[in-house]
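Here is how the chains run, residue by residue.
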Amino acid sequence: MSRVVRIHTSSGTTGIPTVIHHTQADLDAWTDLVARSITATGAGKPDIFQNMMTYGMFTGGLGLHYGAERVGMTVIPMGGGNTRRQIQIMKDFGTTVLHITPSYMLHLHAMLAECGVALKDLRLSKAYLGAEPYSEDTRRKIEKLWKIDVYNSYGLSEMNGPGVAFECVHKNGMHVWEDVYGVEVVDPLTGQALEDGRQGEVVFTNLLREATPLLRYRTRDIAAILKGSCPCGRTHRRISRIAGRTDDMLIINGVNVYPSQIESVIMKIPEVGNNYQIFLEKNGALDSLTVKVEISSGMFKGDLAQIDRLKERIRESLRASIIISPRVELHEPGSLPVFEGKAKRVVDERVKI
Ligand code: ADP
Ligand code: ZN
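Residues numbered from 1 in each chain as written. Chains lettered and ligands numbered in written order. Predicted model: local features only at pLDDT ≥ 70, side-chain atom pairs only at ≥ 80, totals over all residues. Heavy atoms only, no water.

K.L.:
Provide a residue-level description of the packing of aromatic side chains, including the pertinent values.
P.N.:
Enumeration according to the criterion identifies five aromatic pairs in this entry. Ring plane angle 40 degrees and centroid distance 6.3 Å describe the contact between phenylalanine 49 and tyrosine 128, whose orientation is recorded as tilted. A residue pair is termed long-range when its members are at least 10 positions apart, and phenylalanine 49 in strand E3 (residues 48–51) and tyrosine 128 in strand E6 (residues 126–130) qualify at 79 residues. Each member of the pair, phenylalanine 49 together with tyrosine 128, is buried. Pairing tyrosine 181 with phenylalanine 204 gives two aromatic rings, centres 6.2 Å apart and planes at 65 degrees, and the pair type is edge-to-face. Of this pair, tyrosine 181 sits in strand E10 (residues 181–186) while phenylalanine 204 sits in strand E11 (residues 199–206), and the two are 23 residues apart along the sequence. Per residue, the accessibility class of tyrosine 181 equals that of phenylalanine 204, and both read buried. By the ring-pair criterion, three or more aromatic residues cluster together here, those being Phe49, Tyr128, Tyr151 and Phe166. Seen from the ring of tyrosine 151, lysine 171 lies directly overhead, with NZ or CZ sitting 5.9 Å from the centre. For lysine 292, the ring lying beneath its charged end belongs to phenylalanine 279, and the centroid distance is 4.5 Å. (Phe/Tyr/Trp six-rings, centres within 6.5 Å; stacked < 30°, edge-to-face > 60°. Helix = DSSP H or I, 4+ residues; strand = E, 2+ residues; numbered from the N terminus. Buried < 20%, exposed > 50% of the residue type's maximum accessible area, 1.4 Å probe, protein only. Lys NZ or Arg CZ within 6 Å of the ring centre and 35° of its normal.)

Okay, structure coming up:
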């Protein structure tokens with residue numbers, strides 16, 4: 001313990017938070033990896049970096065903070081929350097790069113108009129989005145809304161935090177920094193290693209860490225190692241977007257559904273707004289699934305038949321993808337709960353057995 005200089009805990013994705021100890025060498029190595037990740041996105045010294053991730057025990061705050069300083073960016077250590085102030089600071093300081101969760105990034109956009117700020121008042125060009133799963137369609141939606149480049153950022157406290165895998169300028173999967181993180185993808189049931197290209201549970205070994213060494217740590221995150229090389233020339237292999245976690249799979253009337261499948265469907269529908277929620281309850285012996293989505297406020301001024309048609313279109317698209325047919329509820333913008341940290345999309349009120 002006398003050589004330990006910092007303690008972090010995971011946000012407790014599966015219940016009890018895990019405690020991670022760092023020596024100074026551990027922190028230095030982590031900082032280098034975050035700096036490398038930032039550099040891979042083309043950002044650097046001229047950038048103004050606003051870190052909207054929560055500071056404190058959560059690794060997203062301090063992790064990116066030190067890496068960005070090492071690159072020489074100008075760092076604004078805002079931390080999470082206080083949306084109006086975040087927007088004001090973005091405008092006043094000419095923020096060019098943000099670090100934030102995808103759900104909060106969507107919320108932030110919805111708040112721009114309310115704060116009387118237009119995109120042309122901002123200098124934003126990039127956002128690093130991570131800490132929670134999001135679909136490729138959500139990325140595209142955010143890029144279009146904000147007219148910026150979005151880079152996927154992945155990490156977990158057990159492997160330091162952010163800076164385990166990060167997208168380069170080609171945005172085609174996340175390079176795992178394999179000189180430090182040994183990566184394998186295994187069948188979650190048997191533990192057998194799978195060949196590249198096949199989706200399974202991601203397993204990491206940190207090859208450097210002094211204080212909390214972990215060998216073949218099972219992340220419960222589901223992804224595939226991508227085949228082929230990246231045009232950027234980096235030889236570190238890439239992993240796909242995280243498709244979900246082995247422990248967030250929902251079993252709805254016997255059908256396996258991942259929240260990411262639902263998100264992917266609804267984010268393709270242009271009328272759908274910035275937020276959604278997956279709601280499960282018991283209806284007699286059966287499970288009943290309700291997908292609540294916010295739609296643009298203009299829609300509510302239209303005629304009712306139009307709203308019904310939209311509901312039906314969402315229901316039908318979901319049924320085609322997840323096999324079961326959900327109830328769809330449409331909500332006013334800003335009416336579903338907003339999260340400053342990791343979003344909690346699933347509300348499961350079925351009795352747990
Ligand atoms: P921290 O976010 O502080 O590392 P945890 O260690 O509790 O907190 O969370 C790590 C988990 O967050 C990962 O195992 C993964 O499930 C999720 N996560 C992090 N980044 C991403 C990402 N880019 N895409 C999907 N899931 C992510
Ligand atoms: Zn690359």
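K.L.:
How would you summarise the nonpolar core if you had to cite specific residues and measurements?
P.N.:
Among the nonpolar cores identified, the biggest contains 48 residues, and Leu98, Met105, Leu108, Trp146, Leu289, Val293 and Ile314 are the most heavily contacted of them. If you tally residues by element for this core, the top one is helix H4 (residues 102–114), at six residues. Ignoring anything within four residues of it in the chain, the contact list for valine 293 reads Ile266, Val272, Asn275, Tyr276, Ile314, Glu329, Leu330, His331 and Leu336. Membership of the second largest hydrophobic core comes to 39 residues, among which are Leu33, Leu64, Phe204 and Ala223. (Core = buried A, V, L, I, M, F, W, Y, C linked by side-chain atoms within 4.5 Å. Contact = heavy atoms within 4.5 Å.)

K.L.:
Describe in detail the coordination of the zinc ion (ligand 2), supporting the description with residues and values.
P.N.:
Looking at the metal site, the zinc ion (ligand 2) is ligated by Cys168 (SG), His175 (NE2), Cys230 (SG) and Cys232 (SG), spaced 2.1 to 2.3 Å from it. Each of the four donor atoms bound to the zinc ion (ligand 2) contributes to angles spanning 104 to 117 degrees, and the resulting shape is tetrahedral. Mapped onto the polypeptide sequence, the residues donating to the zinc ion (ligand 2) form the spacing pattern C-x6-H-x54-C-x1-C. For the pair cysteine 168 and histidine 175, one class covers both residues: buried. (Donors = N, O, S within 2.8 Å, 3.2 Å for Na, K, Ca; no water. Tetrahedral: all angles 85-135°; square planar, octahedral: opposite > 155°, others 65-115°.)

K.L.:
So what's going on with the sheet that holds strand E8 (residues 161–167)? Which residues, and what values?
P.N.:
One open sheet accounts for eight strands, arranged E4-E3-E5-E6-E7-E8-E9-E13; its pairing is mixed. The open sheet has two free edges, formed respectively by strand E4 (74–76) and strand E13 (238–239), since each of these has just one partner strand. Sheet strands in contact with helix H1 (residues 24–40) are E6 and E8, and its direction is about 30 degrees off that of E8. Contacts from helix H3 (residues 83–93) reach E3, E4 and strand E5 (97–100) within the one sheet, and its direction differs from that of E3 by about 170 degrees. (Pairing = 2+ DSSP bridges. Axes fitted to C-alpha atoms, helices over the stretch in contact; angles between N-to-C directions.)

K.L.:
Tell me about helix H2 (residues 59–71), and name the residues and values.
P.N.:
Its 13 residues place the ends of H2 18 Å apart at the C-alpha level, agreeing with the 18 Å of an ideal helix rising 1.5 Å per residue. All buried positions along H2 are accounted for by Thr59, Gly60, Gly61, Gly63, Leu64, His65, Gly67, Ala68 and Val71. After H2 finishes, the residue glycine 72 shows a positive phi value of roughly 100 degrees. (Expected span 1.5 Å × (residues − 1).)

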